[in-house]
Amino acid sequence: MSDSVLFDAPGPRTVRRHRLYGVLGLLAVLGVLAFVIKRFYDAGVFEGDKWEVFVTPDYVRVIIVDGLLNTLKMAGAAVIGACVLGFLLGVAKLSDHRLVRWPAWLVVEFFRAVPVLLLMVFTWFALGINNNGSSFWAVVIALTLYNGAVLAEVLRAGVNAVPKGQREAGYAIGMRKTQVMNIVLMPQAVKIMLPAIISQCIVALKDTALGQYVLAPGLTRIYKQIFLEFDNRVPTMIVIASIYIIINLLLTALATWLQHKLVGRKSPLDVTRIGNMQGGENTGGTI
Amino acid sequence: MQAVLDNFDAYLKAFGYTFALFLVSGFLSLVLGTLLVAMRVGPIAVLRTAASVYVTVVRNTPLVIVFGFFSFAAPPLGINFKWLDVSIGGYDFTTLFGAAVASLSLYTSAFVCEALRSGINAVPLGQAEAARAIGLPFGGVMRQVVLPLAFRASLPPLASVQIALIKNTSVAAVFGVAEATYDMRSLLNDFGATQKFGIFVCFAIGYIVIVEVFSFISYRLERRWRVAL
């Protein structure tokens, strides 16, 4: 740990002490795990017939087609919509005209401050509950509005993260404002933004699970159907959670790979910052 | 709009629950997140791994499923909140509230951990070396140099994590806590035919007020404690 700001390189006695703590820590972690497994075992979570459904081809198909595919459809539609909306709002927020900039600012601030679930419930009622596809579209529209507002901030921060000289050079060789934006700034901004957009995909994918409250199709609907039929709440939960986690980890790996390939190790955009209500004004800093 | 004005007591009470969820789980998530980050940057490999596995798993699980865990999977583990039966001035904090607080705190603490870790990573090595060079002991290095710098550097991401928490309290509605989103859905059920938009705007404004007040406070703190690293 000599490369850490917190500790010096440990001496021989400290190494021994750390080894002791390591063993104690391992025992504690194993103890907690053993307790959980024992209690789950007593409650019958690990009985074979509760897991059988997940190796039955018919049900696996139901999980993948009705569950995963619908979830991915909702997330995919929302991400595409959010990219379009985010692009429009982001460009509007960068505009020099107050009449364009302020409404865009208002829309972005509104949809970032309102919970997605609230939007979802409202859209669901607005579309009409009885209408068959309304819950699907409620999820898509709510996620589009929220993620679009976030992506607008990402776009603005991305354009601002392009070094100032680039813009000046564009003007210096006689380009117009639109040309500077389209030819010089935007291509570079998109490159910087890509990892952040992928991270936003993870957010959208996770939020599709909220569709449960508006009876949307997808993994959470399948979850309910399966445990109602087989009375295996906990195993089903473990399986559904694992599907989400695996897909999200794949997306994270993609974002990291893109980050290294396109931007370099230090990102000028930090997504956690863009979630900040002050509109990512701290982006491009030294941290 | 009229529907909300007629039920203004219920409206206020619903946001009272939202605010209570935010305060309690915000505090708990800060404590747990600090513990996690201590494990994660500490010198003991086992705890480092355990904390990073926890953070990775929780960050990638939808909050609804975390809630589901505390509603259905935790009771066989002996974790139910049946012992919780507090009522303060007309507000009842019982089983459902306890499960919601546990889910929100455990979920948010993973993000708090990441925010704090980014702050610790932002402290340049030279600062700690300089502190050691003038003869400060380990406690002094931590207390007087590293932790203040790290905390200030993590303030913006911490604030956005807490703002996300305010919005995430709405998920408690799915599991039956009578907070704002739950209240909006029942109002929409009763008056949705004619007053959809008004009801939505009223509830949206409630959330916006909480979020903006919090972000204003954190913005002022950020300004005051800004540090050039």
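Residues numbered from 1 in each chain as written. Chains lettered and ligands numbered in written order. Predicted model: local features only at pLDDT ≥ 70, side-chain atom pairs only at ≥ 80, totals over all residues. Heavy atoms only, no water.

Trainee: Quick rundown of unusual backbone geometry? Include the residues and the values.
Mentor: When glycine is set aside, most residues are seen to have a negative phi, and most peptide bonds are trans. Residues and elements named next belong to chain A. Phi angles above zero are rare outside glycine, and Leu215 is one such case at about 60°. Relative to the assigned elements, Leu215 resides in the loop between α8 (177–207) and α9 (219–230). Non-glycine residue Asp231 carries a positive phi angle of around 55°. Inspection of the secondary structure assignment puts Asp231 in the loop between α9 and α10 (233–263). (Helix = DSSP H or I, 4+ residues; strand = E, 2+ residues; numbered from the N terminus.)

Trainee: Tell me about the pattern of salt bridges, and please be specific about residues and values.
Mentor: Residues and elements named next belong to chain A. For the structure shown, the criterion picks out eight salt bridges over all chains. Among the salt bridges present, the one from Glu153 reaches Lys93, with a minimum N-O distance of 2.4 Å. A residue pair is termed long-range when its members are at least 10 positions apart, and Glu153 in helix α6 (residues 134–161) and Lys93 in helix α3 (residues 57–94) qualify at 60 residues. Here the two residues Glu153 and Lys93 agree in accessibility, since each one is buried. Across the salt bridge formed by Glu109 and Arg112, the nearest N and O atoms sit 3.1 Å from each other. Linking Glu109 with Arg112, this pair stays in helix α4 (residues 98–113), spanning three residues, or about one helical turn. On the basis of relative accessibility, which here comes to 2%, the residue Arg112 falls in the buried class. Each of Lys93, Glu153 and Arg156 takes part in one network of salt bridges that share partners. (Salt bridge = Lys/Arg side-chain N within 4 Å of Asp/Glu carboxyl O. Buried < 20%, exposed > 50% of the residue type's maximum accessible area, 1.4 Å probe, protein only.)

Trainee: Can you explain helix α8 (residues 180–225) of chain B? Please cite residues and give values.
Mentor: For α8(B), built from 46 residues, the straight-helix expectation of 68 Å at 1.5 Å per residue is missed by more than 12%, its first-to-last C-alpha distance being only 34 Å. Bending of α8(B) peaks at approximately 130° at the position of B:Gly192. (Expected span 1.5 Å × (residues − 1). Bend = angle between axes of the 7 residues up to and from the residue.)

Trainee: Explain the state of the cysteines residue by residue, including any values.
Mentor: Tallied over the entire structure, the rule returns zero disulfides over all chains. Free cysteine A:Cys83: the closest other cysteine sulfur is in A:Cys201, separated by 6.7 Å. (Disulfide = S-S within 2.5 Å.)

Trainee: Break down the confidence of the model for chain B for me, with residues and values.
Mentor: Residues with a pLDDT of 70 or more make up 99% of chain B, whose mean pLDDT is 88. Of the two predicted TM-score estimates for the complex, the pTM is 0.88 and the ipTM is 0.87. (pLDDT = per-residue confidence, 0-100.)

Trainee: Report on a nonpolar patch on the surface, specifying residues and quantitative values.
Mentor: Residue and element names in this part refer to chain A. Together, Leu26, Leu30, Leu33, Ile37, Tyr41 and Phe46 make up a nonpolar patch on the protein surface, roughly 610 Å² of accessible area in all. Take Phe46: it is sitting in the loop between α1 (12–42) and α2 (48–51). By relative accessible area, Phe46 is classed as partly exposed at 38%. (Patch = residues over 30% accessible without salt bridge, like charges linked within 9 Å, V, L, I, M, F, W, Y side chains within 5 Å. Areas by Shrake-Rupley, 256 points an atom, 1.4 Å probe, with all protein chains shown as cover.)

Trainee: Now, about the layout of surface pockets: what can you tell me, with residues and values included?
Mentor: Approximately 1,500 Å³ is the volume found for the second largest pocket. Together, 37 residues line the second largest pocket, and A:Leu33, B:Tyr54, B:Val57, B:Val58 and B:Phe69 are the ones closest to its centre. In terms of residue count, the dominant contributor to the lining of the second largest pocket is α1(A) (nine residues). A per-class count over the lining of the second largest pocket returns 33 nonpolar, four polar and no charged. (1 Å grid on protein atoms, 1.4 Å probe; cavity = no way out; pocket = protein on both sides within 12 Å on 5 of 7 lines; lining within 4 Å. Points joined across faces, edges and corners; volume = space filled by probe spheres on them. Nonpolar A, V, L, I, M, F, W, Y, C, P; charged D, E, K, R; others polar.)

Trainee: Would you mind going over empty space enclosed by the protein in detail, with residue names and values included?
Mentor: All told, the structure shown has two cavities of 30 Å³ or more when counted by the stated rule. A volume near 80 Å³ is recorded for the largest cavity. In terms of lining, the largest cavity is formed by A:Gln212, A:Thr220, A:Tyr223, A:Met237, A:Ile240, B:Val64, B:Ile65, B:Gly68, B:Phe72 and B:Phe175. Those elements that provide at least two residues to the lining of the largest cavity are α9 and α10 of chain A together with α4 (63–73) of chain B. By residue number, the principal contributor to the lining of the largest cavity is α4(B), which donates four residues. Space inside the second largest cavity adds up to approximately 30 Å³. Those elements giving two or more residues to the lining of the second largest cavity turn out to be α4 and α5 (95–122) of chain B. Counting residues per element, the lining of the second largest cavity draws most heavily on α5(B), at three residues.

Trainee: Tell me about the interface of chain B and chain A, and name the residues and values.
Mentor: The partner chain A presents 60 residues to the 66 residues of chain B that form the contact. In total, about 5,600 Å² of surface goes out of reach between chain B and chain A, with carbon and sulfur atoms giving 73% of it. Counting across the interface, chain B meets chain A through zero salt bridges. Joining chain B to chain A, the criterion identifies five residue pairs in polar contact (both at pLDDT 80 or more). Per element, the largest residue contribution to the side of chain B that touches chain A is 19 residues, and it comes from α8(B). (Contact = heavy atoms within 4.5 Å. Buried area = accessible area lost by both parts, 1.4 Å probe. Polar contact = N/O pair within 3.5 Å; in protein donor to acceptor, adjacent residues only side chain to side chain.)

Trainee: Before we move on, can you summarise the nonpolar core with the specific residues and values?
Mentor: In globular proteins that are soluble, nonpolar side chains generally tend to be buried together. Counting residues in hydrophobic clusters, the biggest one holds 140 residues, and the most contacted among them are A:Met120, B:Met184 and B:Phe203. Ranked by residues supplied to this core, first place goes to α6(A) with 14 residues. Aside from chain neighbours lying at most four places away, what touches B:Phe203 is A:Leu118, B:Val4, B:Tyr11, B:Phe15, B:Ala180, B:Asp183, B:Met184 and B:Leu187. (Core = buried A, V, L, I, M, F, W, Y, C linked by side-chain atoms within 4.5 Å.)

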